Amino acid sequence: MRKAFPRFALLAVVVSLFVTSRAQAQNVAVDTTTRFQTIDGFGTCLSGSESTESWWQNLYFDDLAASMVRVDITPTFTSTYSNLSYCSPWYGQAAPLDIDDGGPDGTRTRPYSSASDYSTSFGGCSAPIAVMGPDIDTNAMLFDFTQKSNFGLVAQLGQAKAAQLGGFKVYASMWSPAPWVKITSGNTYSGGASPLPTAQPWPFIWGGNFAGGMLDVSGTALAQFNDGTGPTSALTQFARGLAAFLRGFQNAYGVSFYAISIQNELTFEEYYNSATYPLASSYVTALKAARAELDQYPDLQSIRIIGPEDLMGDDAYSMWEYGSGSTQTDKNLQFLQAIAADSTASAAISGFAIHGYAADGVSSAGATAQSWQWWTEGWTMSPAAGIPANVQGFTSFEKPSWMTETSGEIPGWLASSTDGGFPDSGAFSIVLKIHQALTTGDESAWLYWQLTDGNPSNASDVQTLTDATQLQNDPKYVAAKHFFKYIRPGAQRVAASVTGSSDVLASAFANDATAQLTLVLVNEGSSAAPAQVAIASPPPGLTSFATYTSSSGSLWQNGTASLSSGTTSVVVPAYGVVTLTGIGTPPTDAGGEAGLDATSLAEIEGGSDATTAENDDGGATAPMDATTRGTDATGGDVGGGATAGASSGCGCDAAGVPAPRGVALVVVSLIGFARRRRRSRRS
């Protein structure tokens, strides 16, 4: 029941072939009895400090009604382990650790290869290792959770608003484990202009960032990890540290993690907090160790582990493998195959995660039907030379998948990567990508990289949905809102098909507990498309829809559409989207969990401080069910996401001597700007 549309590179040609009969009504058939995946939520990752501002919180929770948040759980350690940015050259420190001088070896980094030389004297500084012992609470005291205070605040606010939002989930990804549990990967960072590192083998410490390298999964006991009872392995230290950090964070902020990923983008090494699992076997080993450790503790047993959180890419190799021999890098479906072959690993993983980026890690991807079909279903015949046949996709596990990061669109409604071509690069393309992820991709959650990051939302910074000036009026924000706001957690995607059109796309979502039905209609054609919508088995008592329409120059226009004998009609503007949402009569046995009643729909637009300037929308979300389900091979150019003491939790401005404010801002801007400037790791 999936409707696939061609990849954007071909759409410009396709559109030119369908320029007639635009006024002919398109027929949309919705069958609420045919069900697909359950929606877990929508949201973004966090970075920087804007999330502590009331305007940000009003946008995120009240207007956008985000039902998830993604945070970074790279560990942040207390003194003395974190002193002088983990004994690495940085701004504001005295020579020889002053980054202006490049540090003792001129690389602007502190290099090491494993735990055995992590604490070797460097410029008169010896970095200690925080050894994790058998007691989890003692271990938790070794972490500094104040460096995660913005994450904790947003998690607190979201969980406090769970009843309003219909549920709220805190999801965490690890950018890097503790640096001393990593070993050399054999790869080398290609180097960058100051203040970035010079060419340097991974791993290294740069300004408090745990850059590159791979987890030591050998299980070899090392004297450096003597916990008082004897030597332990890096793998044991990794698992104990993960459990202690999660417990400590939860206790510090009074929140609960719904799910975690043990490694963000596990095939990329970068100068910011990062680590790589080039072979699926090493990931499986770490996965099992992490699950076994969490299962020892009642407060951590319910935290799901999902992964592998790799890039989607744009061809079959992106889904299977790059290189061979010593350069082999396993990719998405090979990780899944390794998990499937190990019963303990299969039991350890609760779902899957993928990022909507092309193979370069820069360009936004996720509207290519073929890639999503490979992810969901795999293939029976080899799709390219050197790739095996009969590979299964994630749906064979009968576990959900989330799209947990993407970005890169220009913040105008229409933008094209080719002169006069299909609008594949602006806000409208976000609508298409979310549609494709939910329909062809069967994704249960969809998260953008950032809501805001302290920088203007413009063509030079394409990583966010909006900024502090545009707020709810940024076209990218509006595009996401068409899905985020009214498709609540617990809704199920239902069958929606279109006839009479090659341009109109439809998706529909039913929430039985609240009797809410939400439809999203997208027109990828250059002329308006009237649509006749027929709904089989609508929620009882549903008589009309609130409608929200967006197109170029006309964002978020509200209206109504009556429902009579199961039918309604709307006009979807050219390169536009219409969201229809309505509430019927909730089941009488739903009790307090039904939340949103038939009279509350008007309250959804009832007025948020963040939305007073919006075109037609007030913004506040009515209450809903509060319950949630139980439980290059050589490195790459600059890329980032870590800001000092921010998203990667490096603690650069908390460890050692803080950088002067002006310098710190320059460096933060540099890292943020570099977040997605990478080279492909294809070899």
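All of the points below concern the structure found in this document. Quick caveat: nothing in here was measured; it's all calculated off a predicted structure.

Counting residues in each nonpolar core, the largest one holds 133 residues, and the members touching the most others are Phe-257, Ile-260 and Ile-262. The element best represented in this core is helix H8 (residues 234–253), accounting for eleven residues. With sequence-adjacent residues up to four places away left out, Phe-257 is seen in contact with Val-71, Ile-73, Val-170, Ala-172, Leu-246, Phe-249, Gln-250 and Ile-303. With 24 residues, the next largest nonpolar core counts Val-28, Val-498, Val-504 and Leu-580 among its residues.

Now for helix H6 (residues 149–160). In this model, H6 (twelve residues) spans 16 Å end to end at C-alpha, consistent with the 16 Å of a helix rising 1.5 Å per residue. Along H6, the residues that are buried comprise Asn-150, Phe-151, Gly-152, Val-154, Ala-155 and Gly-158. Close packing links the buried residues of H6 with helix H2 (54–63), strand S3 (68–72), helix H7 (162–165), strand S5 (169–173) and H8.

Burial within S5 is extensive, with five of its five residues counted as buried. By the alternation rule, side chains of S5 split into Lys-169, Tyr-171 and Ser-173 and Val-170 and Ala-172, which are all buried. Bridge count for S3 against S5 is five bridges, and the pairing is parallel. Across the sheet, Asp-72 pairs through a bridge with Ser-173, a residue of S5.

Attention now goes to helix H15 (residues 475–484). Along H15, ten of the ten residues are buried, which leaves the element largely enclosed by surrounding structure. Every buried residue of H15 is accounted for by Pro-475, Lys-476, Tyr-477, Val-478, Ala-479, Ala-480, Lys-481, His-482, Phe-483 and Phe-484. For H15, the N-terminal cap is Asp-474; the gap from its side-chain oxygen to the backbone nitrogen of Lys-476 is 2.9 Å.

We now examine empty space enclosed by the protein. Volume-wise, the largest cavity comes out at about 130 Å³. Residue lining of the largest cavity: 16 residues in total, with Pro-75, Ala-178, Phe-238, Gly-241 and Leu-242 positioned closest to the centre. When the residues that make up the lining of the largest cavity are grouped by side-chain class, the tally is 14 nonpolar, two polar and no charged.

A few words now on the sheet that holds strand S10 (residues 209–211). A sheet is described by the order of its strands in space; here three strands give the open sequence S4-S9-S10, paired in antiparallel fashion. On the outer flanks of this sheet lie strand S4 (110–111) and S10, each paired with one strand and no other. Strand direction decides the pairing type here: S4 and strand S9 (residues 204–206), joined by two bridges, are antiparallel. For Arg-110, the partnering residue across the bridge sits in S9 and is Ile-205.

Here the focus is the state of the cysteines. Per the stated rule, a full pass over the model turns up one disulfide. Across a sulfur-sulfur distance of 1.8 Å, Cys-87 and Cys-125 are joined as a disulfide pair. On the criterion of sequence distance, the pair formed by Cys-87 in helix H3 (residues 83–87) and Cys-125 in the loop between helix H4 (115–118) and helix H5 (136–140) is long-range, its members being 38 residues apart. The same class applies to Cys-87 and to Cys-125, which are both buried.

What counts, and at which threshold
Residues numbered from 1 in each chain as written. Predicted model: local features only at pLDDT ≥ 70, side-chain atom pairs only at ≥ 80, totals over all residues. Heavy atoms only, no water. Core = buried A, V, L, I, M, F, W, Y, C linked by side-chain atoms within 4.5 Å. Buried < 20%, exposed > 50% of the residue type's maximum accessible area, 1.4 Å probe, protein only. Helix = DSSP H or I, 4+ residues; strand = E, 2+ residues; numbered from the N terminus. Contact = heavy atoms within 4.5 Å. Expected span 1.5 Å × (residues − 1). Pairing = 2+ DSSP bridges. Polar contact = N/O pair within 3.5 Å; in protein donor to acceptor, adjacent residues only side chain to side chain. 1 Å grid on protein atoms, 1.4 Å probe; cavity = no way out; pocket = protein on both sides within 12 Å on 5 of 7 lines; lining within 4 Å. Points joined across faces, edges and corners; volume = space filled by probe spheres on them. Nonpolar A, V, L, I, M, F, W, Y, C, P; charged D, E, K, R; others polar. Disulfide = S-S within 2.5 Å.

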